[in-house]
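Residue-level structural notes
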Amino acid sequence: MCAADFKSACGKAGLALIIIFAARCIADAAAWLIGTVMSGCDSQIVSSVQSLSSIIILYGLAIAVTARVFGYRFDKTVYKKPKRLGKAISWFVPMYGAGQIANIIVLAVSFLLIHNQSAVEDTLTPIVSSGTGSGAWYLAFLFIQMVILAPLFEEYWFRGVIQTSLMPYGNGFAILVSALCFGMAHGNIHQFCYTFIVGICLGYVRYATGSIMPTTIMHAMFNSIAAIAVVAVKTDTFVTAMSKVQKGNPVTSGEEAYLTVLMIYIVLVLIIALVGMGAAIGKLKNNRLYRPVNNYPELSKKQKFAAIAKNPIFIVGFLACTAYIIVVMII
């Protein structure tokens, strides 16, 4: 391999970003069209159809096109059981803490500088979620979407197709590009920072274990924390109880118990986040197992950075995704 090969890899990375941008635009257009055509239908049915269309476009179509661009064919070895599965899963807490550090910074900027009151909601919004709902079947679909579908498809897309294809050009390069694509695919600044940091961590685990099995499991664990909270606040019980609290009316014993359990859950999540932040800092100071080896020494880091920064396809893809995020933030 030579410098020309690395430039080609940079171009493919740019095409991956362009695919993400196009897929999100198509998914948004499809959601708008479905909402217009089904304007007289139940909101939960409309939201479910919109989410289903987004899943097909963002996961089915986008992954297929990305694999074609990278010349990647399905390889079941990416799901092999790693020797250090337990060691990899043990990184969940520090990874969660690292992501929350990024979250806190973005939320602070949103509240203090931009005065964005919907920052927390935007941070918890799943990649293919469209609309709201409170029916049991809708909430079940939302939970499955966040905890099962998203980890399976996203890990195959980013740590499978993209990172695996780019590893011959440098493990660090592959990890950073897959993490960048992972963040951009979520389509908003609040999730981008969190998923970019978590994406780097997952990329290290994928490299160290040689498998996306642990990253899929950890991804599901990350999403389950948010999914439980999102589903909990969308139930009729929570909505009714909060309405009574805001109006100063007494709540039933069942509603009080529900709110108490939810508060305990939130406190536990905060404790995990705080412990994780400390653990993340400690891991960064002593990280040997997950430090990737430079398997593409033909180019220095400076030369690689220059090749990426000067690649027109990568620049177009990066600017397109960035513009999408900015537009979403403005509107």
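One can find the structure itself at the top, above this paragraph.
So, here's what we can say about the structure. Quick caveat, the model's predicted, so the values are computed rather than measured.

1. Examining the overall build of the chain
- In terms of regular secondary structure, the chain is built from 13 helices and zero strands.
- Secondary structure elements of the chain occur, N-terminal to C-terminal, as α-α-α-α-α-α-α-α-α-α-α-α-α.
- For the chain, buried positions account for 48% of its 331 residues.
- Sequence-distant contacts in the chain: of pairs separated by 6 or more residues, those separated by 24 or more amount to 79%.

2. A look at the packing of helix α6 (residues 136-166) against helix α8 (residues 189-209)
- As a packed pair, α6 and α8 sit with axes 11 Å apart at the nearest point and diverge in direction by 60 degrees. Of the possible angle classes, the one that applies to α6 and α8 is oblique. As α6 runs across α8, the sense of the crossing is right-handed. Along the contact surface, α6 presents Glu155, Arg159, Gln163 and Thr164, while α8 presents Gly199, Leu202, Gly203, Arg206 and Tyr207.

3. Remarks on the environment of His190
- The residue His190 is located in helix α8 in this model.
- His190 sits in the buried class, given a relative accessible area of 4%.
- For the pair formed by His190 and Ile104, sequence separation is 86 residues and the distance between their alpha carbons is 9.8 Å.

4. Describing the pattern of salt bridges
- Evaluated as defined, the whole model comprises two salt bridges.
- Salt-bridge contacts for Glu155 lead to Arg159; the nearest nitrogen and oxygen are separated by 2.7 Å. Taken together, the residues span about one helical turn, with Glu155 and Arg159 both in helix α6 at a distance of four residues.

5. Comments concerning the environment of Tyr79
- Within the fold, Tyr79 resides in the loop between α2 (43-70) and α3 (85-89).
- For Tyr79, a relative accessible area of 30% corresponds to the partly exposed category.
- Linking Tyr79 and Tyr156, residues 77 residues apart in sequence, is a C-alpha distance of 9.3 Å.

6. Structural notes on the nonpolar core
- With 47 residues, the main nonpolar core has Phe6, Trp157, Phe158, Ile162, Leu166, Phe173 and Cys181 as its most contacted residues.
- For this core, the leading source of residues is helix α1 (residues 3-37), giving 11 residues.
- The contacts of Phe158, once residues within four sequence positions are left out, are Ile20, Gln163, Ser178, Cys181, Phe182 and Ala185.

7. With respect to a nonpolar patch on the surface
- A grouping of Ile264, Val267, Leu268, Ile271 and Val275 is seen on the molecular surface, where their side chains present a nonpolar patch of about 440 Å² in accessible area.
- Relative to the assigned elements, Ile264 resides in helix α11 (residues 253-285).

8. Let's talk about the side chain of Ser178
- Looking at the secondary structure, you find Ser178 in helix α7 (residues 171-184).
- Here the side chain of Ser178 touches Ala174 through a polar contact of 3.0 Å, landing on its backbone oxygen.
- Contacts of Ser178, omitting those with residues within four sequence positions, involve Phe158, Arg159, Ile162 and Gln163.

9. A few points about the packing of aromatic side chains
- If you walk through the whole model with that rule in mind, you get 13 aromatic pairs.
- A centroid spacing of 5.0 Å and a plane angle of 35 degrees characterise the contact between Phe92 and Phe222, whose relative ring orientation is tilted. In this pair, Phe92 is assigned in helix α4 (residues 92-114) and Phe222 in helix α9 (residues 213-234), connecting sequence segments 130 residues apart.
- The exposure class assigned to Phe92 is buried, which follows from its relative accessible area of 11%.
- Seen in terms of ring centroids, Tyr96 and Phe222 are 6.3 Å apart; in terms of plane orientation they differ by 15 degrees. Their pairing is stacked. In this pair, Tyr96 sits in helix α4 while Phe222 sits in helix α9, placing the two residues 126 residues apart along the sequence. Both residues of the pair, Tyr96 and Phe222, count as buried.
- Site record: aromatic cluster; members linked through ring pairs are Tyr72, Phe74, Tyr79 and Tyr156.

Conventions used here
Residues numbered from 1 in each chain as written. Predicted model: local features only at pLDDT ≥ 70, side-chain atom pairs only at ≥ 80, totals over all residues. Heavy atoms only, no water. Helix = DSSP H or I, 4+ residues; strand = E, 2+ residues; numbered from the N terminus. Buried < 20%, exposed > 50% of the residue type's maximum accessible area, 1.4 Å probe, protein only. Contact = heavy atoms within 4.5 Å. Axes fitted to C-alpha atoms, helices over the stretch in contact; angles between N-to-C directions. Parallel < 35°, antiparallel > 145°, perpendicular 65-115°, else oblique. Left-handed = near helix turned anticlockwise from the far one by under 90°. Salt bridge = Lys/Arg side-chain N within 4 Å of Asp/Glu carboxyl O. Core = buried A, V, L, I, M, F, W, Y, C linked by side-chain atoms within 4.5 Å. Patch = residues over 30% accessible without salt bridge, like charges linked within 9 Å, V, L, I, M, F, W, Y side chains within 5 Å. Areas by Shrake-Rupley, 256 points an atom, 1.4 Å probe, with all protein chains shown as cover. Polar contact = N/O pair within 3.5 Å; in protein donor to acceptor, adjacent residues only side chain to side chain. Phe/Tyr/Trp six-rings, centres within 6.5 Å; stacked < 30°, edge-to-face > 60°.

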